[in-house]
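# Overview (structure and organization)
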2 protein chains.
Amino acid sequence: MSDPFVVVGGDAAGLSAASKCKREDPDRDVIVYEKSEWISYAHCGMPYYVKGEVDSIGDLLSLSPAEVRERGVDLHRNHEVVEVDPERQTVSVEGADGTFEQPYDDLLIATGARAVTEPIDGTDLDDVFTMHHMHSAAALRALLTPPEEADDAMFDAGYVDLSELSEYVERDPPETVAVVGGGYVGVEMAEAFRGRDLDTHLYQRSDRPAPPFGEAVGDEITAYLDDAGVDLHLNTEVEALAGDGSVERVVADDGAVEVDLVVVGIGIRPNAELVAETGVELGGSGAIVTDEYGRTAVEGIYAAGDCAENRHTVTGENDWVPLGLTANRAGRAIGQTVAGEPAPVGEIAGTAVLKAFDLECGRTGIIDHDRAEAAGFDPVSETITAGSRSGYYPGNAETTVTLTADRESGRLLGGTIAGEDRAAIRIDTLATALHEATTVEELERFDLAYAPPFSPVWDPILVAAKVLDGTLSA
Amino acid sequence: MSDPFVVVGGDAAGLSAASKCKREDPDRDVIVYEKSEWISYAHCGMPYYVKGEVDSIGDLLSLSPAEVRERGVDLHRNHEVVEVDPERQTVSVEGADGTFEQPYDDLLIATGARAVTEPIDGTDLDDVFTMHHMHSAAALRALLTPPEEADDAMFDAGYVDLSELSEYVERDPPETVAVVGGGYVGVEMAEAFRGRDLDTHLYQRSDRPAPPFGEAVGDEITAYLDDAGVDLHLNTEVEALAGDGSVERVVADDGAVEVDLVVVGIGIRPNAELVAETGVELGGSGAIVTDEYGRTAVEGIYAAGDCAENRHTVTGENDWVPLGLTANRAGRAIGQTVAGEPAPVGEIAGTAVLKAFDLECGRTGIIDHDRAEAAGFDPVSETITAGSRSGYYPGNAETTVTLTADRESGRLLGGTIAGEDRAAIRIDTLATALHEATTVEELERFDLAYAPPFSPVWDPILVAAKVLDGTLSA
């Protein structure tokens with residue numbers, strides 16, 4: 001019998017792989033080491049828990065350790081894998097009782113990513129948070145909830161003891177908060193804070209929030225943030241957080257603002273250091289290079305999730321787009337491959353959706369012209385605004401679509417969408433088109449849905465395709 | 001200079017073609033003959049106008065005759081083309097001043113379809129309506145609106161005089177109504193009638209409403225109709241409508257019901273008689289066979305809209321699926337072709353969406369196993385139910401997806417979806433996949449959107465693809 005399948009990391013990719021492998025090959029030993037207490041948590045749900053739309057932190061946990069073990073997976077929390085030795089096919093594991101060696105036959109690196117705070121000074125002050133950990137979410141929820149409204153269910157994480165949060169629970173909510181970084185975390189946390197009526201400052205270095213969504217969507221998000229009363233500092237560099245023990249001030253190049261609490265969401269970095277010395281190849285992003293089966297450059301070692309690159313369906317090159325579905329899908333495929341039935345991890349299209357107050361935003365593919373050119377394309381874009389429903393039907397909402405295509409081939413390279421009425425989910429149509437290397441001319445003639453309550457005769461996506469096709473053939 | 005481009009029919013296909021031709025080739029004479037008073041009206045909006053969600057009948061009119069003429073199109077309403085002579089390239093036109101001959105160089109047949117009432121007896125009684133005409137919509141709205149609530153704006157159709165409706169306006173609303181036929185018209189009109197608190201009977205011959213949407217969606221629609229208090233008569237054949245002058249009774253094989261008003265929506269038939277003797281080929285559906293440019297079997301004669309067949313992207317065979325987008329798209333393409341720049345009309349996927357009270361339904365492609373087998377496939381289907389959002393996020397709604405694929409090739413053949421939360425528009429993802437001959441295995445790995453407010457990690461479509469792929473590879 002072969003040595004175990006060892007998985008490093010107990011979140012989406014790691015547990016998907018472990019569960020799938022065990023299901024397909026019940027006799028295989030599958031061991032998961034997770035360095036923290038937490039497993040299988042919904043990172044993307046944290047802002048909504050902080051906001052209060054999700055009642056309990058337990059709601060963000062998909063699988064308990066007991067459920068994982070019921071699947072036959074040998075799960076060890078609070079165990080950190082500190083070294084990988086591909087020659088001997090062992091990992092060194094540090095637990096409460098010391099360090100031990102664990103042999104593996106197959107190894108999955110699913111170590112995720114971590115929030116970065118550099119180069120901002122003062123991020124180690126109290127009441128400065130990043131959103132890459134459940135403890136942060138719990139502490140923020142505790143701080144934002146008036147003491148008299150807090151209840152135990154809110155902080156019932158089942159298998160994790162959150163009693164050390166009591167100091168946060170007992171404090172009165174902050175009045176003024178700042179979010180540094182206008183990406184996903186920034187926009188979602190601004191919504192969470194405004195949902196609690198806090199004075200909210202949002203700092204973004206560039207001229208629009210959510211740069212991956214492009215200019216048209218960025219402009220719309222800006223308008224929604226403004227309308228919602230967010231104090232938006234665009235083109236503003238935060239230099240430092242200052243305070244005595246706790247954060248008291250954001251110091252930026254547009255001046256200083258007194259604050260009670262800060263969330264820093266300026267980016268994440270892949271946790272790939274573990275394999276940096278092993279011969280496993282890292283890409284330009286710093287994440288682990290993988291092939292179509294999630295294999296790294298070292299025999300027997302796989303990587304998946306936020307620490308790994310994947311092949312982008314438009315460029316054909318490896319790319320780092322750390323998102324939840326990619327992690328789950330790659331983990332599941334690797335679990336099946338390790339169990340003996342090779343399954344490709346699938347390509348990524350960079351599909352992402354974002355809620356900014358009532359605005360639904362979506363993006364997929366390559367929309368940035370510099371990136372498109374670097375990938376060998378000659379990008380052309382058009383932006384249109386069209387109704388989400390028949391004009392006469394109640395609830396019709398203006399929907400903005402940008403499509404980008406390659407001039408010569410007419411191939412769709414990417415697109416974005418924003419609007420209040422079922423806009424975000426429409427991005428899946430474009431994502432599907434990208435996976436199939438669809439041209440704009442083809443897209444324009446696709447038989448999409450029409451009924452007054454759901455779409456006008458020409459869906460906004462078709463309108464955009466018509467306009468871009470006109471430009472391409474002009 | 002060539003003879004004119006003559007268009008028969010002034011609705012979606014006809015006016016799209018006329019407008020596009022004139023825009024691309026402003027020197028070309030473009031003449032449209034419309035036998036009724038109405039042009040460019042939104043047939044799909046009628047139930048919502050009757051229900052009262054759309055205020056004025058004028059809201060359902062996209063283009064006025066004046067606007068059409070501003071585009072340089074020579075529009076003649078109340079002019080019926082009664083004969084086509086392909087040898088001499090003329091049509092005979094009957095207007096108020098008699099019949100005349102009109103030469104053409106290119107001819108578009110865009111005569112639409114008509115509601116059928118056979119074999120039901122008594123459909124000529126007063127207060128029996130079909131929903132294939134704006135006059136019916138106006139009369140129904142008038143009847144359903146209490147006299148004291150009626151206002152002129154409701155019936156302001158601009159260029160059409162609706163004063164003959166005054167008798168309907170003055171009558172008190174009916175109390176009990178019946179809808180014969182449980183297709184689109186039946187389901188939408190049942191919603192309209194229940195929205196006005198009328199006792200509503202819905203008769204359907206087969207065991208589920210909306211047969212094109214398949215069993216899973218049909219069952220859900222049944223539940224929503226029941227919940228909404230619609231008196232549903234499934235597996236019931238209506239034999240006759242009876243009454244003295246006005247309809248008073250529906251006589252069906254489950255007994256008779258006293259009613260004040262009846263809508264018959266048991267099907268439509270293509271208006272293809274005009275060209276039946278010309279050498280233009282008609283398909284098995286009775287609609288006009290067209291090629292990829294909308295050309296019929298006779299040189300210089302095109303057909304588009306509800307009177308025409310189109311190539312189905314899954315079967316590769318011609319099919320008759322009379323829907324709004326197909327008409328607009330084919331009309332536009334033919335206008336461009338006639339103007340000298342050939343443009344394909346595009347293929348159809350049979351994509352359709354339907355609102356049944358709060359339930360959103362969608363369908364695309366081939367889902368019926370008999371039809372799939374007739375097209376040479378070996379169909380396999382799976383139905384799943386999954387959440388529309390992350391389970392912990394408010395508003396998450398159960399969403400039912402059925403996918404059908406060919407066993408050997410794994411190719412997706414069609415799918416259906418139903419649910420309350422953004423379900424219908426998700427069908428566009430499947431329609432796009434059909435146009436690209438996607439396999440279920442490919443679909444399963446597409447990088448679709450995930451964010452708690454809009455989709456779970458695995459969108460219901462991906463869940464269905466996973467399950468069906470499992471079945472296919474078992």
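Worth saying up front: this structure is predicted, and the values here are computed from it rather than measured. (Residues numbered from 1 in each chain as written. Chains lettered and ligands numbered in written order. Predicted model: local features only at pLDDT ≥ 70, side-chain atom pairs only at ≥ 80, totals over all residues. Heavy atoms only, no water.)

Our focus in this paragraph is helix H12 (residues 460-473) of chain B. Because each turn of an α-helix spans 3.6 residues, side chains separated by three or four positions end up pointing in the same direction. Between its terminal C-alpha atoms H12 of chain B stretches 20 Å, which fits the 20 Å expected from 14 residues at 1.5 Å a residue. The buried fraction of H12 of chain B is high, at 10 of 14 residues. Of all the residues in H12 of chain B, the buried ones are Pro460, Ile461, Leu462, Val463, Ala464, Ala465, Lys466, Leu468, Asp469 and Leu472 of chain B. For H12 of chain B, the secondary structure elements touched by its buried residues are helix H8 (324-338) of chain A together with strand E23 (379-387), strand E24 (398-406), helix H10 (427-435) and helix H11 (440-444) of chain B. (Helix = DSSP H or I, 4+ residues; strand = E, 2+ residues; numbered from the N terminus. Expected span 1.5 Å × (residues − 1). Buried < 20%, exposed > 50% of the residue type's maximum accessible area, 1.4 Å probe, protein only. Contact = heavy atoms within 4.5 Å.)

This part takes up the sheet that holds strand E4 (residues 80-85) of chain B. All names here are of chain B. If you trace the 3 strands from one edge of the open sheet to the other, you get E4-E5-E6, paired in antiparallel fashion. At either end of the open sheet lies a strand with only one pairing partner, and these are E4 and strand E6 (98-103). Taking each pair of neighbouring strands and ignoring which way they run, the sheet shows an average axis angle of 25°. The sheet contact formed by E4 and strand E5 (residues 90-95) spans 5 bridges and is antiparallel. Looking at E5, one finds that Val84 is bridged to Val91. (Pairing = 2+ DSSP bridges. Axes fitted to C-alpha atoms, helices over the stretch in contact; angles between N-to-C directions.)

Between chain B and chain A, which share one sequence, the superposing operator has a rotation angle of 180° and an axial displacement of 0.0 Å; the RMSD is 0.0 Å. Read as a symmetry element, the transformation amounts to a two-fold axis. Closest approach to the rotation axis among the C-alpha atoms of chain B is made by Thr429 of chain B, whose C-alpha sits 2.2 Å away. (Least-squares fit on C-alpha atoms with pLDDT ≥ 70 in both.)

Bringing the nonpolar core into the picture now. Nonpolar side chains in soluble globular proteins generally cluster together in the buried interior. Grouped together as the largest cluster of nonpolar side chains are 97 residues, with contacts concentrated most on Phe193 and Ile221 of chain B. Sorting elements by how many residues they give to this core places helix H4 (residues 134-144) of chain B first, with 8 residues. Once residues within four sequence positions are removed from consideration, Phe193 of chain B is found in contact with Leu140, Leu144, Val177, Val179, Leu198, Thr200, Leu261 and Val263 of chain B. One finds Val54, Phe129, Phe193 and Leu225 of chain A within the second-largest nonpolar core, a separate group that totals 59 residues. (Core = buried A, V, L, I, M, F, W, Y, C linked by side-chain atoms within 4.5 Å.)

With the rule as written, the count across this model stands at 8 aromatic pairs over all chains. Positioned over the ring face of Trp458 of chain B is Arg332 of chain A, at 6.0 Å from the centre of the ring. A cation sits over an aromatic face here: Lys466 of chain A above Trp458 of chain A, 3.7 Å from the ring centre. (Phe/Tyr/Trp six-rings, centres within 6.5 Å; stacked < 30°, edge-to-face > 60°. Lys NZ or Arg CZ within 6 Å of the ring centre and 35° of its normal.)

It is worth spelling out the interface of chain B and chain A at this point. How big an interface is tends to be stated in terms of the accessible area lost upon association of its parts. In this assembly, 60 residues from chain B lie in contact with 60 residues from chain A. Note on chain B versus chain A: buried area summed over both sides is about 5400 Å², and carbon and sulfur give 65% of it. Our count for the contact surface shared by chain B and chain A stands at 4 salt bridges. With a shortest N-O distance of 2.2 Å, Glu360 of chain A and Arg422 of chain B are connected by a salt bridge. Applying the counting rule to chain B against chain A returns 24 residue pairs in polar contact (both at pLDDT 80 or more). Breaking the side of chain B that touches chain A down by element, the ones donating at least two residues are helix H8 (324-338), strand E21 (352-356), H10, H11 and H12 of chain B. Counting residues per element, the side of chain B that touches chain A draws most heavily on H10 of chain B, at 7 residues. Of the residues contributing to the side of chain B that touches chain A, the split by class is 31 nonpolar, 12 polar and 17 charged. (Buried area = accessible area lost by both parts, 1.4 Å probe. Salt bridge = Lys/Arg side-chain N within 4 Å of Asp/Glu carboxyl O. Polar contact = N/O pair within 3.5 Å; in protein donor to acceptor, adjacent residues only side chain to side chain. Nonpolar A, V, L, I, M, F, W, Y, C, P; charged D, E, K, R; others polar.)

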